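The primary structure of each chain is shown beneath.
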Number of protein chains: 2
Amino acid sequence: MEPKQKNGKHEQIMSAAIRVFAEKGYFQSTIAQIARAAGVADGTIYLYFKNKEDIMAQFVNQQSKKFFDTFTSMFEGKQSAIERLKALIRLHFQVSQEDRYVALVYQVEMRRSDRLMKEDIKDALRMYHDLVGQIVEEGQQEGAIRHDVQIGLVKRMIFATVDEVITSWVMAGGKYDLEPLAEPLANLLLQGIQATPTA
Amino acid sequence: MEPKQKNGKHEQIMSAAIRVFAEKGYFQSTIAQIARAAGVADGTIYLYFKNKEDIMAQFVNQQSKKFFDTFTSMFEGKQSAIERLKALIRLHFQVSQEDRYVALVYQVEMRRSDRLMKEDIKDALRMYHDLVGQIVEEGQQEGAIRHDVQIGLVKRMIFATVDEVITSWVMAGGKYDLEPLAEPLANLLLQGIQATPTA
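This structure is a prediction, so every number in the text was calculated from the model and none was measured.

Trainee: Is there a simple way to explain the relation of the copies chain B and chain A in this structure?
Mentor: Each of the two chain copies can be brought onto the other by rotation about an axis and movement along it. With an axial shift of 0.0 Å and an RMSD of 0.0 Å, the rotation relating chain B to chain A amounts to 180 degrees. Taken together, the rotation and translation relating the two chain copies correspond to the operation of a two-fold axis. Relative to the rotation axis, the C-alpha of G192 of chain B is the closest in chain B, positioned 1.9 Å from it. Of all interface residues in chain B, 100% are interface residues in chain A too; the two copies therefore contact each other through one and the same surface.

Here you go:
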């Protein structure tokens, strides 16, 4: 269902739904609770969303689009692949830290939802994998990234590691600062853990 | 509830449950289906397990114990930290490849289960993190692993990456060989993706 943006009601319901999903958990949440939190009648929800699954699906698409648009707009000039990879990790940490409810729903509740939704999650994941793959290939052309790596493994390593660090932060109640971890994490992914002979 | 091992019935029910969870999904599975698959009466299940959640909890504990016992028994002599880390990744891939039903339940279905179970999953994860932390610290003492890494990030990177590669393999229906990925993946984690100035 296409979002109808009139009156900002769509946004109002979406914000309320994120809050309800984060506080009560996705499974336990009901349309009635979301309507109450948004200050609208139950029936109003159905003008904008098919059902609870559709709210989650639109949430995933909206967040992913916002993330990738922001990332794209950050690079007007020419940055190196390494700089872009570091910026990607930093942005991921920043948007998570910015709104812990959104982060909690994205990192935890989204993954508990039904099979129906799997396609939207897969699309978002594919976009992330494609972006990392593109950056890594550019880095190889620039001579900054090794040629003897399997791109499929590199994509999984970068996505899974960043994702796990954010999920740990969410599960710990967001009690520490996530952004300062971006630099050491990027360094780990770039240089690995092994000591170099000269070190 | 302590498992009663008499008659091998416990093992028989556990195997059937893994098959049912893998084929029907954890949420959709019932005690009646597990009993039928195991060839026992419904009531027999309750001699060994409190409920469906208890079957999953015992599964997690049993698999984790088996994994860590096997890993420990592999090192009689003195292996370097790097060798042990590589062996850990290889073993993780081997046991996953050995039994795809077990891998599917461990990687996917286990994580969909109730909050009640979270403690058992947390324990298994903590054991893995502790083991990696111990190997990394030994590697630092041996001079093989950099001292300027944050151990918390290293643990998350190694666990999340190995876990993600296994989950991708499970979700792809186990259609390719997992074990040959152990060496290139270990190499990635050890050396990172950045080209060295001399390369």
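Trainee: Can you walk me through the packing of helix 4 (residues 52–73) of chain A against helix 6 (residues 100–107) of chain A in this structure?
Mentor: When two helices pack together, their arrangement is given by the angle between their axes and by how far apart the axes lie. All names here are of chain A. Following both chains from N to C, one finds helix 4 and helix 6 inclined at 115 degrees, their axes separated by 11 Å at the closest point. Looking at the two axes, helix 4 sits roughly perpendicular to helix 6. Crossing geometry of helix 4 relative to helix 6 is assigned as left-handed. Of helix 6, the residues touching helix 4 (which contributes M56, F59, V60, Q63 and S64) are V102, V105 and Y106. Among the residues forming the contact of helix 4 with helix 6, the class breakdown is 6 nonpolar, 2 polar and no charged.

Trainee: I keep staring at the interface of chain B and chain A and nothing clicks. Help me out?
Mentor: Quoted interface sizes are often the accessible area lost when the parts come together. Residue-level contacts link 38 residues of chain B with 38 residues of chain A. Both sides of the chain B and chain A interface together cover about 3500 Å² of buried area, and 62% of this is carbon and sulfur. Taken together, the links from chain B to chain A amount to 0 salt bridges. Taken together, the connections running from chain B to chain A amount to 17 residue pairs in polar contact (both at pLDDT 80 or more). Mapped by element, the contributors of at least two residues to the side of chain B that touches chain A are helix 5 (81–98), helix 8 (151–171) and helix 9 (182–191) of chain B. Here the residues of the side of chain B that touches chain A sort into 21 nonpolar, 10 polar and 7 charged.

Trainee: Got a minute to help me understand the domain arrangement of chain A in this structure?
Mentor: Residues and elements named next belong to chain A. Considered domain by domain, chain A is made up of domain 1 (1–49) and domain 2 (53–191). Using only C-alpha atoms to locate each centre, domain 1 and domain 2 end up separated by 26 Å. Listed as interface residues are 19 residues of domain 1 and, on the opposing side, 15 residues of domain 2. The contact between domain 1 and domain 2 buries some 1500 Å² in all, and 69% of this surface belongs to carbon and sulfur atoms. Our count for the contact surface shared by domain 1 and domain 2 stands at 4 residue pairs in polar contact (both at pLDDT 80 or more). Counting only elements with at least two residues in the side of domain 1 that touches domain 2, the list comes to helix 1 (9–24), helix 2 (31–38) and helix 3 (42–48). Residue composition of the side of domain 1 that touches domain 2, by class: 14 nonpolar, 2 polar and 3 charged.

Trainee: What's the story with the packing of helix 1 (residues 9–24) of chain B against helix 4 (residues 52–73) of chain B in this structure? I'm lost.
Mentor: Residue and element names in this part refer to chain B. Running from amino to carboxyl end, helix 1 crosses helix 4 at an angle of 100 degrees, the nearest separation of the two axes being 11 Å. One finds that helix 1 runs roughly perpendicular with respect to helix 4. Residues H10, E11, M14, A17, I18 and F21 of helix 1 pack against K52, I55, M56, Q58, F59 and Q62 of helix 4. Classifying every residue of the contact of helix 1 with helix 4 gives 7 nonpolar, 3 polar and 2 charged.

What counts, and where the lines are drawn
- Residues numbered from 1 in each chain as written.
- Chains lettered and ligands numbered in written order.
- Predicted model: local features only at pLDDT ≥ 70, side-chain atom pairs only at ≥ 80, totals over all residues.
- Heavy atoms only, no water.
- Least-squares fit on C-alpha atoms with pLDDT ≥ 70 in both.
- Contact = heavy atoms within 4.5 Å.
- Axes fitted to C-alpha atoms, helices over the stretch in contact; angles between N-to-C directions.
- Helix = DSSP H or I, 4+ residues; strand = E, 2+ residues; numbered from the N terminus.
- Parallel < 35°, antiparallel > 145°, perpendicular 65-115°, else oblique.
- Left-handed = near helix turned anticlockwise from the far one by under 90°.
- Nonpolar A, V, L, I, M, F, W, Y, C, P; charged D, E, K, R; others polar.
- Buried area = accessible area lost by both parts, 1.4 Å probe.
- Salt bridge = Lys/Arg side-chain N within 4 Å of Asp/Glu carboxyl O.
- Polar contact = N/O pair within 3.5 Å; in protein donor to acceptor, adjacent residues only side chain to side chain.
- Domains from an automatic or database assignment.

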